[in-house]
Amino acid sequence: MYAEICAWDNLLLAYERGSRGKRGHPTVARFERRLEDNLLKLQAELRARTYAPGAYASFHIHEPKRRLISAAPFRDRVVHHALCNLIEPPFECSFIADSYANRVGKGTHRALDRCQGFARRYRYALQCDVAQFFPSIDHGILSEILARKIGDADVLALCSAILASGIGVLSDEYTQVYFPGDDLFAANRPRGLPIGNLTSQFWANCYLNPFDHFVKRELRCVAYLRFVDDFVLFADDLGVLWDWQRRIVDRLARLRLTLHAGAHPRPVREGLPFLGFVIYPQQRRLKRRKGVHFRRRLRGLLAEYAAGRVGLDAVTASVQGWVNHVRYGNTVGLRKALLRGLPIPRRALP
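### Describing the sheet that holds strand E9 (residues 284-286)
With antiparallel pairing, the 3 strands of this open sheet are ordered in space as E7-E8-E9. Since the sheet does not close on itself, it has two edges, and those belong to strand E7 (272-274) and E9, each with one partner. Looking at each pair of strands side by side, their axes are set apart by 30 degrees on average, direction ignored. Sheet topology places strand E8 (residues 277-279) next to E9; 3 bridges connect them, and they run antiparallel. Paired with Phe277 across the bridge in E9 is Leu286.

Quick look at the structure:
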């Protein structure tokens, strides 16, 4: 498998996938300017086992929750794509059908449809999300999970190098949690996947895949879905959901993960907060903070446009992207109220 990762055709495909929609970015343009030379150099380093990931560039975003995004150098992103091109298929066939994040043919809107479908069939739901998910992912446990499917030592060594490059990137985002059997040295366990890597998105699914099968096979929950670290279980018996919650907490502890406080079973008629919407059996409402965040961002864009710093196409693209997302909920009135009250200002003369 390692030879296939280093193959020219795979590296070229990795470049094409990594640069899609980003070719105007300076780092991508520099790489493309000497594309053949850069890919040959990368291929030589991989074949000689001398490849070493570079440093991350980190920045915060607010959408609307504050997150630390860590961007790898573009040449490293090419390697991430080259690696995932080969290791993703063996894992993909073992993922459950109702895992919706970062998978071809899945995504946010299909997850919302599935969640509402379950809400129409069951009386109660248990909606949970993992606390500090990406900062908490334990490298030792993840390496064991990867080794179950990957038999090539060189591929595992490349995975380990990428994992090691992210140690400490999210250390300020993590609050130490001690689990049964831990000693004081547990604080030194390597952990954390940088948010922004293709490998991080894929490995997050690998990390929780054993948990998905626990829910389906041991809890025997037929109405379950997950999107990254957000997941929902449905049932008609409230007592069953309380029992499942206790067992879920114990199982996640084996992965050195905890749930956010406040998770508890509730009637579906009260509405389920999920992926930016509140899901009811017969309707979906956008979370209020999502609307407030977009209105604030749009006002900022319009001010930039009025000052001549961005074009009208950037404003239009932002509005169209938001509308295309929120139209999957009952948001006609919200869209009219929000967009009607924000006229396009006059642009400053050059």
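### Points about the environment of Arg247
Within the fold, Arg247 resides in helix H11 (residues 238-254). Residues Arg247 and Val215 lie 32 residues apart in sequence; the distance between their C-alpha atoms is 9.5 Å. Residues in contact with Arg247, not counting those within four places in the same chain, are Phe214, Glu218 and Leu219.

### Side note on the environment of Tyr2
Within the fold, Tyr2 resides in helix H1 (residues 2-6). For the pair formed by Tyr2 and Leu46, sequence separation is 44 residues and the distance between their alpha carbons is 9.0 Å. The residues contacting Tyr2, other than those within four sequence positions of it, are Leu46, Arg47, Arg49, Asp152, Asp154, Val155 and Leu158. Within the structure, the side chain of Tyr2 is placed 2.5 Å from the backbone oxygen of Leu46, a separation counted as a polar contact.

### Some words on helix H13 (residues 312-326)
Between its first and last C-alpha atoms H13 spans 21 Å; for 15 residues at 1.5 Å apiece the expected length is 21 Å, and the two agree. Listed as buried for H13 are Val315, Ser318, Val319, Trp322 and Val326. Around the axis of H13, the buried residues are gathered within 95 degrees of arc, so they sit on the same side. Exposed residues pointing more than 90 degrees away from the buried face of H13 are listed as Asp313 and Gln320.

### Some words on the side chain of Arg251
On the secondary structure map, Arg251 appears in helix H11. When its relative accessible area of 16% is taken as the criterion, Arg251 is described as buried. At 3.3 Å, the side chain of Arg251 and the side chain of Glu218 are in polar contact. Setting aside its immediate chain neighbours within four residues, Arg251 contacts Phe211, Phe214 and Glu218.

### Overview of the sheet that holds strand E3 (residues 124-129)
Taken together, the 4 strands give an open sheet; going across it, the order is E4-E5-E3-E6, and neighbouring strands pair in antiparallel fashion. Edge positions in the sheet fall to strand E4 (224-227) and strand E6 (265-267), since each has one partner strand and no second. Across the sheet, the mean angle separating the axes of adjacent strands is 25 degrees when strand polarity is ignored. Contacts from helix H10 (residues 198-218) reach E4 and strand E5 (230-235) within the one sheet, and its direction differs from that of E4 by about 170 degrees. Packing of H11 onto the sheet brings it into contact with E3, E5 and E6, and relative to E5 it is tilted by some 145 degrees.

Each value, and the rule that gives it
- The written sequence of each chain sets the order in which its residues are numbered from 1.
- Since the coordinates come from a predicted model, pLDDT governs what is reported: local features require at least 70, and pairs of side-chain atoms require 80 or more to be given and counted, while whole-chain, interface and lining totals use all residues.
- Excluded from the side-chain calculation are hydrogens and water; included are all heavy atoms of the structure.
- We call two strands paired when DSSP finds no fewer than two bridges between them.
- Secondary structure follows DSSP: runs of H or I at least 4 residues long count as helices, runs of E at least 2 residues long count as strands, and numbering of each begins at the N terminus.
- Angles run from 0 to 180 degrees between N-to-C directions of axes, and those axes are lines fitted to C-alpha atoms, restricted for helices to the stretch in contact.
- Pairs of residues are marked as contacts when any of their non-hydrogen atoms sit within 4.5 Å.
- Counted as a polar contact is a pair of N or O atoms within 3.5 Å, where, for protein atoms, one must be capable of donating a hydrogen and the other of accepting one, and residues adjacent in sequence contribute only when both atoms are in side chains.
- To estimate how far a helix should extend, the number of its residues minus one is multiplied by 1.5 Å.
- When a residue's accessible area, from a 1.4 Å probe over protein chains only, is under 20% of the maximum for its type it is buried; when over 50% it is exposed; and in between it is partly exposed.
- The directions from the helix axis to the C-beta atoms are what the arc is built from.

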